[in-house]
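Structural overview
For reference, the chains in residue letters:
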Amino acid sequence: MSRVKPSKSELAEPPPRSQGTNMPAGEEGSNELKEATPLSSAGCGVTAVTALPAPPRPAPARRRGGGRAPGSCAAARARWNGGWRRGLAGGARPSLAPSPPLLSRREAWRLLASAVAMSLPPEKASELKQIIHQQLVKMDVHGRIREVLAETIREELAPEHQQLSTEDLMKALRQRGIIDDVMKELKFVTDVNERERTSAPKPSTHFVDREPPVLKKTNIDPTRRYLYLQVLGGKAFLEHLQEPEPLPGQICSTFTLCLHFRNQRFRSKPVPCACEPDFHDGFLLEVHKDSLGDGSKMVDATTMLSICDPVHMVLIKTDTFGETTLVASYFLEWRSVLAAENGITNVAVELLGVGTESKVSVGVLNIRLEMYPQLSKTLSPEITNTQFALERQKTAEKERLFLVYAKQWWREYLQIRPTHNVRLVKIFAQILYVQDENGVNRPVCSYIRPLRAGRLLDTPRQAARFVSVLGYERASVIGGGGGKQEQWCTLLAFLCRNKGDCEDHANLLCSLLLGFGLEAFVCVGTKAKGVPHTWVMTCGTDGTITFWESLTGHRYIHRPINPDDPPLVEQPKPLYPYRTIGCLFNHQKFFGNCQPSDAVEICVFDLHDESKWKPMSGEAIKSVCSPGTTSSVPPFPPLCASTIDAAVTSNEIELQLRILVSEHRKDLGLSTVWDDHLSYLLSPALAAYELERTTSISAGNEEFQDAVRRAVPDGHTFKGFPIHFVYRNARRAFATCLRSPFCEEIICCRGDQVRLAVRVRVFTYPESACAVWIMFACKYRSVL
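A look at the sheet that holds strand β22 (residues 555–558)
Read from one edge to the other, the open sheet built from seven strands follows the order β22-β21-β20-β19-β23-β24-β25, with strand pairing classed as antiparallel. Pairing within the sheet leaves two strands with one partner each, and these edge strands are β22 and β25 (613–615). With direction set aside, neighbouring strand axes in the sheet form an average angle of 35 degrees. Taken together, the four bridges between strand β20 (residues 532–539) and strand β21 (residues 545–548) define a ladder with antiparallel strand orientation. Bridge pairing links Met537 to Phe547 in β21.

Description of the pairing of strand β24 (residues 590–593)
Every second residue of β24 is oriented toward a common face, with Phe590 and Gly592 on one face and Phe591 and Asn593 on the other, all of them buried. Of the strand pairs in this sheet, strand β23 (residues 578–585) and β24 are connected by three bridges, and their pairing is antiparallel. The residue bridging Leu584 from the neighbouring strand is Phe591, located in β24. Counted along the chain from β23 to the antiparallel partner β24, the turn is four residues long.

Digging into the sheet that holds strand β26 (residues 716–725)
Across the sheet, which stays open at both edges, the three strands sit in the order β26-β28-β27 with antiparallel pairing between neighbours. Both outer strands of the open sheet, β26 and β27 (752–764), are each paired with one neighbouring strand and no more. Along the sheet, successive strands turn relative to each other by an average axial angle of 15 degrees, direction set aside. Two elements, β27 and strand β28 (residues 770–781), share eleven bridges in a ladder whose sense is antiparallel. Bridge pairing links Thr764 to Cys770 in β28.

Considerations on the packing of helix α8 (residues 381–416) against helix α13 (residues 618–625)
Helix packing for two helices is described by the angle between their axes and how far apart those axes are. Across the interface, α8 lies against α13 with an axial gap of 9 Å and an inter-helix angle of 150 degrees. Crossing angle aside, the handedness with which α8 passes α13 is left-handed. Within the contact between the two elements, α8 uses Lys398, Glu399, Phe402 and Tyr405 and α13 uses Ala620, Ile621, Ser623 and Val624. For the contact of α8 with α13, the per-class residue count stands at five nonpolar, one polar and two charged.

Structural notes on empty space enclosed by the protein
Volume-wise, the largest cavity comes out at about 90 Å³. Lining the largest cavity, in full, are Ser446, Tyr447, Cys489, Thr490, Leu491, Phe494, Asp504, Asn507, Leu508, Pro634 and Phe636. At the level of secondary structure, the elements contributing two or more residues to the lining of the largest cavity comprise α11 (491–497) and α12 (502–515). The greatest single-element share of the lining of the largest cavity, amounting to three residues, is contributed by α12. Within the lining of the largest cavity, the residues separate by chemical class into seven nonpolar, three polar and one charged.

Concerning the nonpolar core
One finds Phe466, Leu508, Leu512, Phe585 and Leu639 to be the most contacted residues of the largest nonpolar core, which totals 76 residues. Here the element with the most residues in this core is α12; it accounts for seven residues. Excluding residues that lie within four positions of it along the chain, Phe585 makes contacts with Val444, Cys445, Ile448, Trp488, Phe521, Val522, Val524 and Phe590. With 39 residues, the next largest nonpolar core counts Ala301, Met304, Ile367 and Leu369 among its residues.

Rules and cut-offs
- Residues numbered from 1 in each chain as written.
- Predicted model: local features only at pLDDT ≥ 70, side-chain atom pairs only at ≥ 80, totals over all residues.
- Heavy atoms only, no water.
- Pairing = 2+ DSSP bridges.
- Helix = DSSP H or I, 4+ residues; strand = E, 2+ residues; numbered from the N terminus.
- Axes fitted to C-alpha atoms, helices over the stretch in contact; angles between N-to-C directions.
- Buried < 20%, exposed > 50% of the residue type's maximum accessible area, 1.4 Å probe, protein only.
- Left-handed = near helix turned anticlockwise from the far one by under 90°.
- Contact = heavy atoms within 4.5 Å.
- Nonpolar A, V, L, I, M, F, W, Y, C, P; charged D, E, K, R; others polar.
- 1 Å grid on protein atoms, 1.4 Å probe; cavity = no way out; pocket = protein on both sides within 12 Å on 5 of 7 lines; lining within 4 Å.
- Points joined across faces, edges and corners; volume = space filled by probe spheres on them.
- Core = buried A, V, L, I, M, F, W, Y, C linked by side-chain atoms within 4.5 Å.

Here you go:
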């Protein structure tokens, strides 16, 4: 292995409609909300708040003698005297005691800054004081204070007050509006790029400046209707009853609550796992009137009652190693707030487990719902309860009729050929329902819907690559019989935990390909050894059939074998791993395979030939699977952009791997010398590997080999080992690499003038999914 080449294998504007706001704890009931980073298809950027000095104002005119121009302090003097006269009218008597000593310029500005900045965090106080100081100079507030302080403040106090305290001065400043004048002149911007930087940026070799996210204040647009959902803590999470409280700075398991409501996504701050988790988050959800994504103009309670979309809540647990677990999934009926007094209601939401524990309680969340602006007229509980009952009755009737049709369809399918009874179409076509993570039966076609990724994904092949880097985890099995449980996840639950079974991957890939305008279907069948499996198929306009493996991103062209051809006729050799196929479906169609053999290699995918594929009624599928037809169809969330900084994460993992390699070689009695130049030369190879995985095109191999030849002296040997992961745990990746004899040979290399190199490239995708490429290399002069 001498050479390695790329392998071929409130402010004035309302928030955006697809976004919302997030209110921290302790501010409920206020119309001034703190907007956090919503999750939406448009991206997940952090909006920072920066205060800039106000535009310069004309300085007051000066008289030649050095005195002020007439009237330069008239307004200020009138304001101070007005307050003095009001004090006299209230019974206070002026004092003829000597005037107190005037405040210095520094003392006056310190008092003002303290009054304004007392509610800010410490890290922002210094910045705000500088801004206020500049504004005080421009407005000549110091001169105004000096001129009127002596003749007014002492006169308002009782004669026994000979000394002025800080509290007295602060009260006087507030009463006379000096602080308000300063605040009105301050300008705020929301673009972090406009912030003035006083220091040069550091080179992003291994250390990158990262600024913490800053919350910005925003006011509610009074022309739109919002639902403000607050999570006010949890209780009865008995699984964590004995879990000790984490120490400051200690890494511990955390809970994260994810929400989706009408094309808007939100995520809470992670909180330590506990019996009573300290959830205190607020989410401002914009209520839409008509179609998804369309803002409403002050809809009334009656109109909102017709919006049957629930708030989908998913609770995720992240352990100390970064592994995620789906704890609970809940659909919150929010319309009860329409009948609540003052438009506010509190709800105790009991969360149930998932999978085999879907009937077991895992905890309770305290939820508060509030309408903004407040409803002028609320509905009666009888009206809302009647509406809910009618919706349930309508849904049940539609599903009953569909089930009757599905059973009739299944009987006809069995009459075609008795062997159809053993095909995998049975578990779907018999009732055409499958359980979700909550154990609720949902139509299989409802798991598919055209999904457009906006600007997050550019091509169908990039979409396939994105789905393939999401983690794979087999669904849990009921009992000890080894049978596979048919349980699929809703899209939000799958995206939030970033892993799922092959059915979850196939459903997402099919939805994305439909969004790109392709005719895509989910195929249900088996692969080697009869293992049930699902994959995706697309039909080209020229009749080309392409299989897409959602777990790897690989594509295969299907060329059927004609069993009637003579033995001497050369038949195409299938390259795909699929063996049989029972049915295929998307959001509008369902087909059962009724060909004599269900072997994929001889199947003909002419879906218009009913002698080969038995279709279901499109109207019947539409009655229960179209968005908004029934309350049982789960809403589809948009994708959100990655929050991972690829360069920073790559540097961090690379540094950790260097430390691990050095410690491992030290235990073996070997010294370690790193070659930074050789490490950098490995980058093109890693980029070529990712490009090949995405597009099936190999490029850049010649340049990489030429660069390595120049970097390795004559008489030296070069070895390299690339490997790919879909997680960012450096220690776990290093342990996996050591299990490879080729990688261990490089890491434990012995010889003369041994130089080691390691390069990490992280490629980010939506939903914070990532492809991590690591390459270890060494060069040495052999002494054998």
